[in-house]
Amino acid sequence: MDEPKAKAPGPKPKPRWWSRPAAARPGDRPNDAAEGAEERTEAAAAQVAPEPVDAPVEGPAPEERAPRPLHEPDPYSTPPYGDPGPWAPAPPVQHPVATPAQGTHVPPGMAQAPPQTPSQAPGMTPPHGGTTVPPAAGPVPGQSAPPPLPQHPGMTPPHGTQLPPGPGEPHQGHQSHQGAPMAQPAQGAQWGGYDPWTVVPPPAERERKTVSRRGAWIAVLLIALIAGCLGGGIGAYAERDRASGGVDVKLPQAPVEKEARSPGSVAGIAARSLPGVVTIHVRGSAEEGTGTGFVLDKQGHILTNNHVVQPAGADGDISVTFNGGQDAKAEVIGRDTGYDLAVIKVDRVSGLTPLPLGNSDSVRVGDPVVAIGAPFDLAGTVTSGIISAKERPITAGGEKEDGSDVSYVDALQTDAPINPGNSGGPLVDRKARVIGINSAIRAADDGSGLGGGQGGSIGLGFAIPINQGKRVAEELINTGNATHPVIGVTLDMSYTGDGARVNTKGAGGGAPVTAGGPGDKAGIEPGDVITEVDGVRVHSGQELIVKIRSHRPGDRLGLTVRRDGKERATELTLGSASSG
């Protein structure tokens, strides 16, 4: 080995900023190579022991000062002592991560077979950028060789960047500086498809992340839904609390009053009358209906209207429901179409409450009254009003051509609301006594007439006076038939003048005035016009019949008769005709 020569005079060459030793060129002096060797790092000089060389050493090595590196050791293995350096292009994507102290870790499989490189002269920097340790003649006198450091996978050796061993290649801690430098992959192959700062998760982890992201969205939606519900509830509570001023609202209320009502009040009248009122359900072969009735005695006799039970016919079904809810079967005892009254009876029913009967002749216009019934099958309905008029002549029915079903009633008029279903119910006074039987209304439909039609109440209700009802009920209970008072004449119902005219022809070709009857005895002749009954003016044949029907057979009546334009007064005693 040549002896070191003295350096040529002149300024010392200024080292480049990355302190990279220049490769030896032909013609350079040995000292230049030595100077390049002096630029090694102190870490490399301290960690790497001089390796024995194959060439024999001639004589003792000259003593020389240990080279001193130009920069401090880099614990992070930062370039330029390996690719890439400041002279190489940066990777296309960079994601900085912590670099281990022993060097850059290359994933397995990325190492490739080293390219074929020409033989390097001693001390020459290999083309891949690694630092070649200059050849040493032997140990430096006066210094002991440092022990070799153990090599770890991925640790950067002093002579270059350590690549992980490829498949089938044994791992080598280091190699002799006299042999070929450690093989490294070509720069393009090394950085073309490898990003050292990117960690690619395996596919299974990606799927777990996707599922986790979906679960996170579901959790967010559930939380939002719960939060919305809670927010709405809190808002509603806050609004209610704000409206009430933050205090629960407690409205004043009167205590329960347990004292009984006055007997003359509507409540007192209803309390005494309701136990004796019943609801009647009728079912026949062709039709059915609902009405009202009231108890007459303890034997179970009940008074109602004839048109209530008429749908049952001869073999229909009639049931009675009492105010307490008890049901019972009933049968017809007797009925009369002329008065529109009927009596039915229930058997084996105890605890019956008969209603007391008043006197319709004592009633005055304006007296308070209470109507009780089951309008539209609403049992126990109570309405109140006054007596609007008395002796109101009305007719109901008339569906048959012969007029046998026409009812003639000298009625009490009331404004107490009466509706379909009230028929047959009681009209009571302020002492809870029955003064009439609710029978007809003037409906708010076509105004065609009176009856139990399906029109609503307009405050025009009519009741059969109880005096007439009592007499007919007694006759129906005792005999099964009712008697009608008659005067023994046939009336001309087509007469349009004022009063009731006696027909000139009798029914069926007979005489219009019954021989020996009440009218014949009073001197009434065919063609006479009756204008008054007991001093009360009559304007039609219907009104005359109503006035006569309001009396009993045997009663005496005073009549005013007009004949040939002259009027005269006469009296007669009412006869009797059976309804059977």
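Owing to the predicted nature of the structure, the values given are computational and were not obtained by experimental measurement.

Reading guide: rules and limits
Residues numbered from 1 in each chain as written. Predicted model: local features only at pLDDT ≥ 70, side-chain atom pairs only at ≥ 80, totals over all residues. Heavy atoms only, no water. Helix = DSSP H or I, 4+ residues; strand = E, 2+ residues; numbered from the N terminus. Buried < 20%, exposed > 50% of the residue type's maximum accessible area, 1.4 Å probe, protein only. Contact = heavy atoms within 4.5 Å. Areas by Shrake-Rupley, 256 points an atom, 1.4 Å probe, with all protein chains shown as cover. Polar contact = N/O pair within 3.5 Å; in protein donor to acceptor, adjacent residues only side chain to side chain. Pairing = 2+ DSSP bridges. Axes fitted to C-alpha atoms, helices over the stretch in contact; angles between N-to-C directions. Salt bridge = Lys/Arg side-chain N within 4 Å of Asp/Glu carboxyl O. Core = buried A, V, L, I, M, F, W, Y, C linked by side-chain atoms within 4.5 Å. Patch = residues over 30% accessible without salt bridge, like charges linked within 9 Å, V, L, I, M, F, W, Y side chains within 5 Å. pLDDT = per-residue confidence, 0-100.

Chemist: Please explain the overall build of the chain as it appears in this structure.
Modeler: Along its length, the chain carries nine helices and 20 strands. Counting every position in the chain, which comprises 580 residues, the buried fraction comes to 34%. Contacts in the chain between residues far apart in sequence, at least 24 positions, make up 66% of those at least 6 positions apart. In the structure as shown, the chain presents an accessible area of about 33,700 Å², 55% of it carried by carbon and sulfur atoms.

Chemist: Mind showing me how you'd approach unusual backbone geometry here?
Modeler: Excluding glycine, residues mostly have negative phi values, and the peptide bonds linking residues are mostly trans. Despite not being glycine, Asp377 has its phi angle at roughly 65°, a positive value. Relative to the helices and strands, Asp377 resides in the loop between β7 (368–373) and β8 (381–396). Among the residues examined, Asp377 registers a relative accessible area of 40% and is labelled partly exposed. In this structure, Asp564 takes a positive phi of about 55° despite not being glycine. Within the fold, Asp564 resides in the loop between β18 (556–563) and β19 (566–573).

Chemist: How should I be thinking about helix α9 (residues 541–549) in this particular structure?
Modeler: Side chains three or four residues apart in an α-helix point the same way, a direct result of the helix having 3.6 residues per turn. Most of α9 is tucked away, with seven of its nine residues classed as buried. Along α9, the residues classified as buried are Gly541, Leu544, Ile545, Val546, Lys547, Ile548 and Arg549.

Chemist: Would you mind showing me how to read the side chain of Ser407 here?
Modeler: With respect to the helices and strands, the residue Ser407 is situated in strand β9 (residues 407–414). Using a relative accessible area of 4% as the deciding quantity, one classes Ser407 as buried. A polar atom in the side chain of Ser407 sits 2.7 Å from the backbone oxygen of Thr337. Residues contacting Ser407, with those up to four places away along its chain left out, are Thr337, Gly338, Tyr339, Asp340, Ile394, Thr395 and Ala396.

Chemist: Even after reading the chapter, I still don't get the environment of Thr483, so can you show me in this structure?
Modeler: By the element assignment, Thr483 lies in strand β14 (residues 483–486). By relative accessible area, which is 23% here, Thr483 ends up partly exposed. For Thr483 and Arg471, which are 12 residues apart along the polypeptide, the C-alpha to C-alpha distance reads 9.3 Å. Apart from residues lying up to four places away in sequence, Thr483 is in contact with Tyr339, Arg471, Glu475, Pro553, Ser576, Ala577 and Ser578.

Chemist: Would you explain the sheet that holds strand β1 (residues 277–283) in this entry?
Modeler: The strands making up a sheet are joined through hydrogen bonds of the backbone, oriented either antiparallel or parallel. Spatially, the six strands close up into a barrel ordered β1-β2-β3-β6-β5-β4, and their pairing is antiparallel. On average, adjacent strands in this sheet sit at an angle of 40° to one another, irrespective of strand direction. Each of β3 (301–304), β5 (327–336) and β6 (341–346) is contacted by helix α7 (residues 466–479), which is oriented at about 55° to β6, the strand it contacts most.

Chemist: Whenever I open this one, the pattern of salt bridges confuses me. Can you help?
Modeler: For side chains bearing opposite charge, pairing can occur when the charged atoms are close. Per the counting criterion, the structure on display carries 15 salt bridges. Lys329 is the salt-bridge partner of Asp317, the closest N and O atoms lying 2.9 Å from each other. Placement of Asp317 in strand β4 (residues 317–322) and of Lys329 in strand β5 is noted, with a sequence separation of 12 residues between them. With relative accessibility at 31%, the residue Asp317 sits in the partly exposed group. The closest approach of N and O atoms between Lys547 and Glu391, which form a salt bridge, is 3.5 Å. Taken as a pair, Lys547 in helix α9 and Glu391 in strand β8 lie far apart in primary sequence, 156 residues in all. Overall, the relative accessible area of 44% leaves Glu391 in the partly exposed class. Through salt bridges that share partners, Asp498, Glu532, Arg537, Arg562 and Glu567 make up one connected network.

Chemist: Would you mind going over the nonpolar core with me for this structure?
Modeler: Side chains of a nonpolar character, in soluble globular proteins, are inclined to be buried together. In this structure, Phe294, Leu303, Leu341, Ile394, Val434, Ile437 and Val472 are the most contacted members of the largest nonpolar core, which totals 27 residues. Residues contacting Val472, with those up to four places away along its chain left out, are Tyr339, Leu341 and Ala482. Within the second largest apolar cluster, 22 residues are counted, among which are Val538, Leu557, Leu572 and Leu574.

Chemist: What's the story with helix α5 (residues 266–273) in this structure? I'm lost.
Modeler: Turning to α5, its buried residues are Gly268, Ile269, Ala270 and Ser273. Each element contacted by the buried residues of α5 is listed here: β1, β7, β8 and β10 (426–428).

Chemist: Is there a simple way to think about a nonpolar patch on the surface in this case?
Modeler: A cluster of nonpolar side chains, Ile226, Leu230 and Ile234, forms an exposed patch at the surface whose accessible area comes to about 320 Å². By the secondary structure assignment, Leu230 is in helix α4 (residues 203–243).

Chemist: Would you take a moment to explain the confidence of the model for the chain for this structure?
Modeler: The predicted coordinates should not be examined in detail at positions where pLDDT is low. Mean pLDDT over the chain works out to 75, with 59% of the residues at or above the 70 mark. Across residues 14–59, where pLDDT falls below 50, the model places 67 contacts with residues more than four positions away in sequence or in other chains. Ignoring residues within four places in sequence, the model shows residues 127–145, a span with pLDDT below 50, making 43 contacts including any to other chains.

Chemist: What should I look at first to understand the environment of Asp528 in this one?
Modeler: One can find Asp528 in the loop between α8 (518–521) and β16 (529–533). A residue is classified by how much of its surface remains accessible, and Asp528, at 2% relative accessible area, is buried. Residues Asp528 and Val502 lie 26 residues apart in sequence; the distance between their C-alpha atoms is 5.5 Å. Engagement of the side chain of Asp528 in a polar contact is seen with the side chain of Arg563, the distance being 2.6 Å.

Chemist: Even after reading the chapter, I still don't get the side chain of Ser273, so can you show me in this structure?
Modeler: Topologically, Ser273 is positioned in helix α5. Judged by relative accessible area, which is 1%, Ser273 ranks as buried. Excluding anything up to four places from it in sequence, Ser273 contacts Leu355, Ile372, Val428 and Ala432.

Chemist: Help me understand the pairing of strand β13 (residues 461–465), please; the structure alone is not making it clear to me.
Modeler: Look at any regular strand and the pattern is simple: side chains alternate between the two faces of the sheet. Buried residues dominate β13, accounting for five of its five residues. Alignment of β9 against β13, held across three bridges, turns out to be antiparallel. Bridged to Gln413 within β13 is Phe462. The sheet contact formed by strand β11 (residues 434–442) and β13 spans five bridges and is antiparallel. Bridged to Ile437 within β13 is Ile464.

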